[in-house]
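# Inside the fold
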Amino acid sequence: MASISNLDYFIIIFYMMGMVAIGFWFSKRHGDFEDFFLAGRSLTTPLLITTLISTYYGLDVLFGDSQLAFTDGVVAWFGYARPTYAFFLIAAFLLAHRLRKENFLSLPDILDRYYGKETRYIGATASFIYSLPSLSLYAFGMLGEVIMGWPPIIGMAVIGGVGLIYTLTGGFWAVALTDSVQFLVMCLIIALAVPFALNLVGGFDQMIEILPEYYFETMGDLSIWLIIIYASTGLTILVEPTFYQRIFAAKSYKNVRNALIAGIFIWGSYDWIVTILAMAAKVGVLQGTITVDVDSNAALLTIMVAALPAGALGLFLAGVIATEMSTLDSYCLVAGGNISYDIYKPAFKPNASDIELIKTTRIGIGISWILGFLMAIAFEQMLGLWVLLASILISSVLVPILLGLYYPSLRKKLAGILSSSFGLLSTLILNIYIMVQGTFDPVEETYILHFGNWEILQEYVMYFTVPFSFFGFLLGILIEKDNR
Amino acid sequence: MSGWEIFTWISTVILGVGSVIVFVLFLFDLPSLLNNKPKK
């Protein structure tokens with residue numbers, strides 16, 4: 001448990017109560033379902049910047065980036081973070097414009113319009129599974145333990161419960177507006193931490209002098225294959241349900257484009273500073289100014305506790321909580337929408353009123369939170385779980401959505417069904433097979449299946465399942481052609 | 001001052017000042033966002 005003053009605790013509690021208050025403020029202020037789910041499609045550029053950045057950046061980025069920077073140096077930015085910006089540019093100039101042309105409300109809406117209801121349900125199921133907030137809740141368990149000394153399950157319930165309350169009550173309005181506060185807290189405090197951290201280790205020159213040379217090599221000693229794997233994780237942006245939700249909720253395409261372009265500078269700066277702070281933590285360890293046996297994924301937290309004065313530390317910890325809470329609320333809302341708008345309405349009650357839809361969305365939010373909570377308790381390897389969830393989404397919807405968006409002549413019903421179902425089933429089967437038959441490698445932090453001289457990492461699953469989904473798409477096109 | 005250090009301070013300014021500017025612009029938008037909202 002970190003050494004934290006009463007002022008820091010006060011700031012953290014004040015922040016969490018503020019989030020709940022915003023949720024209650026909006027609980028009676030939404031009109032129809034579109035207002036509840038997309039904030040009436042009225043998001044302006046500044047609000048889009050804040051909600052996009054705070055949602056897409058969770059603790060996985062904060063601690064994932066810093067973990068790599070702590071052990072390998074600037075490659076964390078050049079090899080791991082930088083490729084993602086290329087996908088943001090693709091999204092800004094190619095994807096968002098197409099998505100805004102038609103009046104979609106959710107990602108499965110696209111699948112329904114191009115391929116029919118069956119593909120919609122498969123896409124909604126994949127989106128729901130991906131959006132379960134298990135990683136966020138697991139992170140809250142960890143934070144509760146570090147900050148308050150609570151058992152993980154209490155941290156998950158209390159901190160995660162705050163996010164659940166304001167999402168349930170206020171819908172997307174509360175999510176977007178709390179995201180804005182969370183954006184300011186998480187960005188400002190990371191920027192303010194730089195002088196404190198550099199001062200702690202004796203300045204930037206000390207970092208260059210003490211750290212090994214490879215810490216400043218842009219590609220470090222990572223293999224090209226690992227860099228390709230890191231870069232391909234950016235693919236999730238192209239089918240990310242919360243990202244789509246913000247594109248649909250924007251006032252216009254121009255707002256989305258401008259927000260993404262401005263956002264790249266803030267994303268880039270955020271990643272770079274996290275990288276430098278983690279490297280400063282490494283210098284602190286080598287100098288003996290901070291704990292010598294610090295774990296690489298706790299590097300950032302450790303140097304902040306050591307460097308920041310009372311009050312600033314409370315703001316930093318509130319910022320860390322904000323970073324993940326803005327992710328949890330958005331995914332819970334998307335999962336709730338998958339249940340109500342994408343499955344319940346078309347399958348069981350096509351004439352459902354807006355009030356019924358909002359009520360069902362709230363039930364869906366609750367279900368997703370509970371399932372995420374159970375998964376966070378049941379799974380020991382969160383990285384493996386994240387790979388599973390991300391590969392389910394990408395393998396099921398990437399091929400039919402991108403091909404459908406750009407090639408209208410390929411929008412054939414069977415192509416959509418086979419592509420999404422082949423992707424979904426093959427991902428589930430392969431992931432489970434590797435997790436059951438493979439061995440967990442604590443160095444690589446992943447499951448590995450040994451196949452003769454070959455090693456298949458769990459991260460490689462998408463290299464089999466996405467082509468299989470593409471094969472299903474082509475098969476569907478050919479069968480429909482023959483039937484004619 | 002090395003290139004790395006200059007890059008770090010530029011990033012710090014972009015993140016710190018940029019996030020405040022974006023938040024202030026959001027606050028300017030807030031009244032019109034709230035006024036456009038229909039009450040239940």
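Residues numbered from 1 in each chain as written. Chains lettered and ligands numbered in written order. Predicted model: local features only at pLDDT ≥ 70, side-chain atom pairs only at ≥ 80, totals over all residues. Heavy atoms only, no water.

Further remarks concern the pairing of strand 3 (residues 454-457) of chain A. Residues and elements named next belong to chain A. As judged from the four bridges shared by strand 2 (residues 446-451) and strand 3, these two strands associate in the antiparallel manner. Paired with His-450 across the bridge in strand 3 is Glu-455. A loop of two residues connects strand 2 with strand 3, the two strands running antiparallel in sequence, and Gly-452 in this loop sits at a positive phi of about 65°. (Pairing = 2+ DSSP bridges. Helix = DSSP H or I, 4+ residues; strand = E, 2+ residues; numbered from the N terminus.)

What follows is about the interface of chain B and chain A. Counting residues at the interface gives 26 residues for chain B and 40 residues for chain A. Linking chain B with chain A are zero salt bridges. Across the chain B-chain A interface, the total number found is two residue pairs in polar contact (both at pLDDT 80 or more). Of the residues belonging to the side of chain B that touches chain A, the class tally is 14 nonpolar, seven polar and five charged. (Contact = heavy atoms within 4.5 Å. Salt bridge = Lys/Arg side-chain N within 4 Å of Asp/Glu carboxyl O. Polar contact = N/O pair within 3.5 Å; in protein donor to acceptor, adjacent residues only side chain to side chain. Nonpolar A, V, L, I, M, F, W, Y, C, P; charged D, E, K, R; others polar.)

Next up on the list: the pattern of salt bridges. Residues and elements named next belong to chain A. Scanning the entire structure with this criterion turns up nine salt bridges over all chains. Measuring nitrogen to oxygen at the nearest pair gives 3.7 Å for the salt bridge that ties Arg-113 to Glu-102. With Arg-113 in helix 6 (residues 107-115) and Glu-102 in the loop between helix 5 (75-101) and helix 6, this pair connects stretches of sequence that are eleven residues apart. The class of Arg-113 is partly exposed, set by a relative accessible area of 44%. The closest approach of N and O atoms between Asp-109 and Arg-120, which form a salt bridge, is 3.0 Å. (Buried < 20%, exposed > 50% of the residue type's maximum accessible area, 1.4 Å probe, protein only.)

Right, let's get into the nonpolar core. All names here are of chain A. Membership of the largest hydrophobic core comes to 170 residues, with the highest contact counts inside it found for Met-207, Tyr-244, Trp-267, Phe-316 and Met-325. Take this core: its biggest share by element is 23 residues, from helix 9 (residues 152-201). Here Met-207 is in contact with Leu-198, Val-201, Phe-216, Ile-276, Met-279, Ala-280 and Val-283, once residues within four sequence places are set aside. (Core = buried A, V, L, I, M, F, W, Y, C linked by side-chain atoms within 4.5 Å.)

This brings us to the packing of helix 9 of chain A against helix 15 (residues 312-348) of chain A. All names here are of chain A. The N-to-C vectors of helix 9 and helix 15 enclose an angle of 135°; their axes lie 7 Å apart at closest approach. As summarised for this structure, helix 9 and helix 15 are arranged oblique, according to the angle between their axes. Two packed elements cross with a definite hand, and for helix 9 against helix 15 that hand is left-handed. Of the residues assigned to the contact of helix 9 with helix 15, the class counts are 20 nonpolar, ten polar and two charged. (Axes fitted to C-alpha atoms, helices over the stretch in contact; angles between N-to-C directions. Parallel < 35°, antiparallel > 145°, perpendicular 65-115°, else oblique. Left-handed = near helix turned anticlockwise from the far one by under 90°.)

This part covers helix 1 (residues 6-26) of chain A. Over its 21 residues, helix 1 of chain A extends 31 Å from the first C-alpha to the last, a length consistent with the 30 Å expected when each residue adds 1.5 Å. Within helix 1 of chain A, the full set of buried residues consists of Asp8(A), Tyr9(A), Ile11(A), Ile12(A), Tyr15(A), Met16(A), Met19(A), Val20(A), Gly23(A) and Phe26(A). Packed against the buried residues of helix 1 of chain A are helix 8 (134-147), helix 9 and helix 15 of chain A together with helix 1 (3-35) of chain B. (Expected span 1.5 Å × (residues − 1).)

Looking now at the packing of helix 13 (residues 253-287) of chain A against helix 1 of chain B. At a closest axis distance of 9 Å, the pairing of helix 13 of chain A and helix 1 of chain B adopts a crossing angle of 130°. When the interaxial angle is binned, helix 13 of chain A and helix 1 of chain B end up oblique. For helix 13 of chain A against helix 1 of chain B, the interelement crossing comes out left-handed. Contact residues: helix 13 of chain A offers Phe265(A), Ile266(A), Ser269(A), Tyr270(A), Trp272(A), Ile273(A) and Ile276(A), while helix 1 of chain B offers Trp4(B), Phe7(B), Thr8(B), Ser11(B), Thr12(B), Ile14(B), Leu15(B), Gly18(B) and Val22(B). Here the residues of the contact of helix 13 of chain A with helix 1 of chain B sort into eleven nonpolar, five polar and no charged.

Another aspect to go through is the packing of aromatic side chains. Enumeration according to the criterion identifies 27 aromatic pairs over all chains in this entry. With a centroid separation of 5.3 Å and an interplanar angle of 10°, the aromatic rings of Phe33(A) and Phe37(A) are classed as stacked. Taken together, the residues span about one helical turn, with Phe33(A) and Phe37(A) both in helix 2 (residues 33-38) at a distance of four residues. Given a relative accessible area of 3%, Phe33(A) falls into the buried group. For Phe37(A), a relative accessible area of 4% translates into the label buried. Each member of the aromatic cluster is reached from another via a ring pair, and the members are Trp77(A), Phe78(A), Tyr85(A), Phe216(A), Trp272(A), Trp4(B) and Phe7(B). Over the ring of Tyr341(A) we find Arg120(A); its NZ or CZ atom is 5.2 Å from the centre of that ring. (Phe/Tyr/Trp six-rings, centres within 6.5 Å; stacked < 30°, edge-to-face > 60°. Lys NZ or Arg CZ within 6 Å of the ring centre and 35° of its normal.)

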